[in-house]
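Structural overview for review
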Amino acid sequence: MKPLKISFACAILFTILLFPVVLLMVTGKITLFDLHGFGVDTEEQVYLGTANGKILVWKDQQQIGTLKAPTSRSYQITVKDDEILCAIGSADYRMDLDGNILERSDDPTSSLYASLQFQRSCTTADGTTYRLRHFWGRTSVVRDPADSAVIVYQMSAGVFAAKVFLYVAVLGWIVSFVSIWYFAIRQMKKHPSKGGTLWF
């Protein structure tokens, strides 16, 4: 089989393999990349801001609920004094832990959004500190006592595998299309009398 034909076949294969993962990401079924903030309440429930305005609630390594952010666009969240703070550009929202909006306030300078955008730790009302960590692309939230960190949330093995698969598939897709161009140009130079026609 000619190299150009192999490259076309690989490109089609990787496109097909990418489709279900991309579909799960677009629909918000899985979150593979950066979160829209996080927070932890005094009951050690973890709140994760994800795509499409979904705030996932986890406890004991299991998802126990989903809350709706006031927007489906870009936003950032945290938890303070057992209330969810949600920043959406020039507007800030204070919500209870069930997702009900308690207060809306204007923030012309987007100061809260900016402060939460790179947040990597939060402290609960009882003084416990939690930190967001990434190890080889796998996200976790850990309780940070003086002796040793305790994991209170970790990206599931299935989602992590999907993330690794996505990177591999995208790399394969790029390599396939670069190969198509390379072999196509090489073939056209090799057979100029055929008017640049690609022969498989």
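It should be noted that the structure appears before, not after, this text.
Counting restarts for each chain: residues are numbered from 1 in the order of the written sequence. Owing to the predicted nature of the model, reporting of local features is limited to residues with pLDDT of at least 70; listing and counting of side-chain atom pairs is limited to 80 or more, with chain, interface and lining totals taken over all residues. Excluding hydrogens and water, the side-chain values take into account all heavy atoms of the structure.

The next subject is the overall build of the chain. Counting its regular elements, the chain contains 3 helices and 12 strands. Accessibility here uses a 1.4 Å probe with only protein chains present; expressed as a share of the type maximum, an area under 20% marks a residue as buried, one over 50% as exposed, and anything in between as partly exposed. For the chain, the residues scored as buried account for 36% of the 200 residues in total. For the chain, restricting intrachain contacts to residue pairs at least 6 apart in sequence, the fraction spanning at least 24 positions comes to 42%. Every helix listed is a DSSP run of H or I at least four residues long, and every strand listed is a run of E at least two residues long, numbered separately from the N terminus. It only takes one pair of heavy atoms within 4.5 Å for two residues to be counted as in contact.

The next thing to look at is the pairing of strand β8 (residues 101-106). Where strand β7 (residues 91-95) and β8 come together, 5 bridges link them in antiparallel fashion. Its bridge partner being in β8, D92 is matched across the sheet by S105. Any two strands between which DSSP finds at least two bridges are classified as paired. In this antiparallel pair of consecutive strands, β7 and β8, the connection spans 5 residues, and G99 shows a positive phi of 90 degrees.

To continue, consider the sheet that holds strand β11 (residues 138-143). Across the sheet, which stays open at both edges, the 4 strands sit in the order β9-β10-β11-β12 with antiparallel pairing between neighbours. In this open sheet, the two strands that pair with only one neighbour each are β9 (121-123) and β12 (150-154). The mean angle between the axes of side-by-side strands here comes to 25 degrees, regardless of whether they run parallel or antiparallel. One ladder, built from 3 bridges, connects β9 with strand β10 (residues 129-135); its direction is antiparallel. Following the sheet pairing, C122 is matched in β10 by Y130. Note on geometry: axes are lines fitted to C-alpha atoms, helical ones only across the stretch in contact, with angles between N-to-C directions running from 0 to 180 degrees.

Further remarks concern the sheet that holds β7. Here we have 4 strands laid out as an open sheet, ordered β5-β6-β7-β8, and antiparallel in their pairing. The open sheet is flanked by β5 (76-80) and β8, the only strands paired with a single partner. Ignoring which end each strand starts from, the neighbouring axes of this sheet average 20 degrees apart.

Working definition: a ring pair exists when centres of Phe, Tyr or Trp rings (six-membered ring for Trp) sit within 6.5 Å. Plane angles under 30 degrees give stacked, over 60 give edge-to-face, the rest tilted. What the rule picks out here adds up to 1 aromatic pair. Their ring planes at 75 degrees and their centres at 5.0 Å tell us that W58 and Y153 sit as a pair that is edge-to-face. With a gap of 95 residues between them, W58 in strand β3 (residues 54-59) and Y153 in strand β12 connect regions that are remote in the sequence. The two residues W58 and Y153 agree in class, both being buried.

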